[in-house]
Structure formats: C-alpha cells, structure tokens
Amino acid sequence: MAPYMRLRQICLVAPQLAPVISDIAGIMGLSVCYRDGNVAKYGLENALLPVDTIMLEVVAPFKDGTTAGRFIEKTGGRGGYMAIFCCSEPDERGRHANAMGVRTANVIDHAPYHGVQLHPRDCRAAFIEFNHTEGSDDILGAYPPAGPDWQSFIRKDVTQALTAVEMQSPDPQGLAEHWGKIIGVAPTGEAELKLPNAVFRFVKGASEIMSALEFQVTDVAQVLHAARAKGLAVAGNEFLLGGVTFRVS
C-alpha cells in the first residue's frame, strides 16, 4: 500500500468546554458526534464535531496541572493545540521525527487505533500527532476517537469543509520546512504544505502559533451574522473563537 498523509483532526483548547462548543456548533452549523471519556485521565474533557471528514475537537482542562492548562497559561489562550494526521505508518513517522530531534510525547494504543504524539516544543507552534486505524483506510471508515457513528453527524447545510490551517511564525518559511520534514510533505514556494484534503499556510507573525482555520461555507453573511448574534467581534470575513481565527469564504 502506498503511504498516505491526510489531515484528520484539529484540536483547540479552551478554559471551559461548554460556551466554545455550543458557539462553534451554533455558528458553523455543526453537530457534536462524540465526547471521549478516555481523555479524563489527562484531566481533560472534550467534544468533537465533524466538518465533512475532518474532526474539529475542543478540549478543556477540569483540574490543575494539565498540559492543556499549561498551554493556555503560556499562550494566553491564543492558538490551536494540535494537528492530527492519519497516515499509513505512524510509528515510522515518529521515528523519522525523533531522528530530527523531535521527541515523542505520548503513544496511544487503543486497538484498532494507534497514535504517536510529538512534543509541541520540538514541533513548534502546536502538537503534531500521527495515527492509523487498522482496516480503516477509507476516510469515511471507523475512527475511534470520534465515536462509533461519527459519519451520521456530518452536516453540510452551513459548513462544507475545513480547507486550510494558518500557522504563524516570525520565520514562516523555516516553520513550513520544519513541519514539512516532520509530516513528509515538501513545502511549495508560498510556504504552504498541501495535503490531499487541506492546506497548511505559514504566515509572518510575532509568535509561533496555529493562528487560523479557514472554512468553505454555503452563506458567508449568514455565518457572520450568527457569530455577531453570539456576541463575537466580526472583522471582514473572520472572528476569534476557541483561541483561533475562524475565516469563512
């Protein structure tokens, strides 16, 4: 089987889960497909919403001393937490990253799912995770972190797709090359990493963060109106939610 690499999930972190999840669901027309009890051992609660076949997850700490809590303190709550990729060989990608000096932070083995999480300090900007689910190379197949029937929660009446992830850095080209080496995708001249189902775009900014998510929606004005109705400040075609800029087109 030829190796593949796709964006599977974006994880945001919030001080509390409820307002952020209900705002995302209400504004973007998405439905929660799963809340994973397994994350409680990390002092977290979570909820996942499918955006077509890419999961949008929000995690929130419910006790002190969690990695997610430290992330909020360090960043002031600005920036996405984790980019999760499904691939054919997560262990091989992990070994490749280790050889670059990027440490493994955590290995998750819940058969048929196997995930390798890399250290955010070494990745820069956000955690990277590689995972694979045995017998699920179909993008609409089983994906245990999203629950047993996540496919039935896909809604496309408001939001069609998550198309791009914006990463910010004082050295965007350098960060693009670093992430490109970890992921195994060579950057294009525009400091972009093109995956089959999404683009990672690297732009100039004061600090290294996952700064924005870009969505294709059926009606831009409707989404912006819904964001204003939730009390969010809208500028142009974007608004801040869950620590990142939501940009709609």
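Thresholds, definitions, all that
- Residues numbered from 1 in each chain as written.
- Predicted model: local features only at pLDDT ≥ 70, side-chain atom pairs only at ≥ 80, totals over all residues.
- Heavy atoms only, no water.
- Helix = DSSP H or I, 4+ residues; strand = E, 2+ residues; numbered from the N terminus.
- Rg over C-alpha atoms; globule rule 2.2 N^0.38 Å.
- Buried < 20%, exposed > 50% of the residue type's maximum accessible area, 1.4 Å probe, protein only.
- Pairing = 2+ DSSP bridges.
- Contact = heavy atoms within 4.5 Å.
- Axes fitted to C-alpha atoms, helices over the stretch in contact; angles between N-to-C directions.
- Arc of directions from axis to C-beta.
- Phe/Tyr/Trp six-rings, centres within 6.5 Å; stacked < 30°, edge-to-face > 60°.
- Lys NZ or Arg CZ within 6 Å of the ring centre and 35° of its normal.
- Core = buried A, V, L, I, M, F, W, Y, C linked by side-chain atoms within 4.5 Å.
- Polar contact = N/O pair within 3.5 Å; in protein donor to acceptor, adjacent residues only side chain to side chain.

Enquirer: How would you summarise the overall build of the protein if you had to cite specific residues and measurements?
Expert: Scanning the protein for helices and strands turns up 6 helices and 14 strands. Relative to a compact globule of 249 residues, whose C-alpha radius of gyration would be 18 Å, the protein shows 17 Å and is just as compact. Projecting the C-alpha coordinates of the protein onto the three principal axes gives extents of approximately 50 × 40 × 40 Å. The buried share among the 249 residues of the protein stands at 55%.

Enquirer: Describe the pairing of strand E8 (residues 159–169), listing the residues and the values that go with them.
Expert: Most of E8 sits inside the fold, with 9 of its 11 residues counted as buried. With 8 bridges joining them, E8 and strand E11 (residues 209–217) adopt antiparallel strand pairing. For Glu166, the partnering residue across the bridge sits in E11 and is Ala212.

Enquirer: Residue-level account of the sheet that holds strand E10 (residues 198–204), with values.
Expert: Spatially, the 7 strands line up as an open sheet ordered E9-E10-E8-E11-E14-E13-E12, and their pairing is mixed. Every interior strand has two partners, whereas the edge strands, strand E9 (192–195) and strand E12 (234–235), have only one. When strand E13 (residues 238–241) meets strand E14 (residues 244–248), the two strands line up antiparallel, connected through 4 bridges. Along E14, the bridge assignment pairs Phe239 with Phe246. Where helix H1 (residues 17–28) meets the sheet, it contacts E8, E11, E13 and E14, and its direction lies at approximately 155° from that of E13. Against the sheet, helix H6 (residues 220–229) contacts E11, E12, E13 and E14, and its axis sits at roughly 40° relative to E13.

Enquirer: Residue-level account of unusual backbone geometry, with values.
Expert: Cis geometry is found at the peptide bond from Ala111 to Pro112, where omega equals 10°. Tracing the backbone through its elements, the reader meets Pro112 in the loop between strand E5 (104–110) and strand E6 (113–118). Within the chain, Arg124 stands out as a residue other than glycine whose phi angle is a positive 75°. The residue Ala125 is not glycine, and still its phi comes out positive at about 80°. Following the sequence through the fold, Ala125 ends up in the loop between helix H4 (120–123) and strand E7 (127–133).

Enquirer: Describe helix H2 (residues 67–75), naming the residues involved and giving the relevant values.
Expert: When we look at burial in H2, the residues that qualify are Ala68, Gly69, Phe71 and Ile72. The buried side chains of H2 occupy one side of the element, clustering within an arc of 155° when seen end-on. Exposed and oriented more than 90 degrees from the buried face of H2 are Glu73 and Lys74. Looking at the buried positions of H2, the neighbouring elements they touch are strand E1 (5–13), strand E2 (44–51) and strand E3 (54–61). Within two residues after H2, Gly76 carries a phi angle of roughly 65°, on the positive side.

Enquirer: Which residues make up the packing of aromatic side chains, and what values go with them?
Expert: Within this structure, the stated rule accounts for 9 aromatic pairs. Judged by centre distance (5.1 Å) and plane angle (75°), the ring pair of Phe71 and Tyr81 falls under edge-to-face. Of the two residues, Phe71 sits in helix H2 while Tyr81 sits in the loop between H2 and strand E4 (82–87), which places them 10 residues apart along the sequence. Using a relative accessible area of 5% as the deciding quantity, one classes Tyr81 as buried. Taken together, the ring pairs in this structure connect Phe85, Phe130, Trp179, Phe200 and Phe202 into an aromatic cluster. For the cation-ring pair, Arg8 lies above Tyr143, with the distance from its terminal atom to the ring centre recorded as 4.4 Å.

Enquirer: Please provide a residue-by-residue account of the nonpolar core, values included.
Expert: Inside soluble globular proteins, nonpolar side chains tend to come together where they are buried. In this structure, Ile24, Met28, Phe85, Trp179 and Phe200 are the most contacted members of the largest nonpolar core, which totals 62 residues. Ranked by residue count, the leading element in this core is H1, at 7 residues. Discounting residues that sit within four places of it in the chain, Met28 has contacts with Asp23, Val158, Thr159, Phe215, Val217, Val223, Phe239, Phe246 and Val248.

Enquirer: Talk me through the side chain of Ser88; I want residue IDs and the actual numbers.
Expert: Following the sequence through the fold, Ser88 ends up in the loop between E4 and helix H3 (90–99). A residue is classified by how much of its surface remains accessible, and Ser88, at 12% relative accessible area, is buried. At 3.3 Å, the side chain of Ser88 and the backbone nitrogen of Tyr4 are in polar contact.

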